[in-house]
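A structural walkthrough
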Amino acid sequence: MKVIISSGKTYLNEPCNRCGSEKRVAKKWKETVPTLMGTTVIKHSQIVCMNEVCQMESDKMLLKEAKKRQDVKAVKEANNALRKANALTATNKARKNTSRI
Ligand SMILES: [Zn+2]
């Protein structure tokens, strides 16, 4: 039988890269993903560090990163809106210049 993704065991064999503690599987779930050929079942496993403090730090970091990503996205969207507004102003100015000549 061919297993598409079974990363859990590999990860568990390696110590935590933050504190060197052992890791355990916190959650296992399967996801059915539609593909061109039909559907594929992807196995997921959430690996957490046995060291509670380390795991808490990791969770905090993940949250921070997610927040950062959201902020970056918001800034990008704001910049896009600004650029669009500027482009519009530039076009209007150009039009004014042309009509004056
Ligand atoms: Zn750890």
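Residues numbered from 1 in each chain as written. Predicted model: local features only at pLDDT ≥ 70, side-chain atom pairs only at ≥ 80, totals over all residues.

**Re the overall build of the chain**
- Within the chain, the regular secondary structure consists of two helices and two strands.
- Starting at the N terminus and walking to the C terminus, you meet the elements of the chain as α-β-β-α.
- Across the 101 residues in the chain, those meeting the buried criterion constitute 2%.
- In the chain, the share of contacts with a sequence separation of at least 24, taken over all contacts with a separation of at least 6, comes to 51%. (Helix = DSSP H or I, 4+ residues; strand = E, 2+ residues; numbered from the N terminus. Buried ≥ 20, exposed ≤ 12 C-beta atoms within 10 Å, placed from the backbone. Contact = placed C-beta atoms within 7 Å.)

**Some remarks on the environment of Ala-26**
- Within the secondary structure, Ala-26 sits in strand S1 (residues 23–35).
- Residues Ala-26 and Ser-45, 19 residues apart in the sequence, show an inter-C-alpha distance of 7.4 Å.
- Once residues within four sequence positions are removed from consideration, Ala-26 is found in contact with Gln-46, Ile-47 and Val-48.

**Some details on the pairing of S1**
- Little of S1 is tucked away, with one of its 13 residues classed as buried.
- The sheet contact formed by S1 and strand S2 (residues 38–49) spans 12 bridges and is antiparallel. Its bridge partner lying in S2, Lys-30 is registered against Lys-43.
- The antiparallel pairing of S1 with S2 creates a hairpin that spans two residues between the two strands. (Pairing = 2+ DSSP bridges.)

**A look at the confidence of the model for the chain**
- Per-residue pLDDT for the chain averages 85, and the proportion of residues at 70 or more is 85%.
- Ranking the elements of the chain by mean pLDDT puts helix H1 (residues 8–13) last, at 60, and S1 first, at 93. (pLDDT = per-residue confidence, 0-100.)

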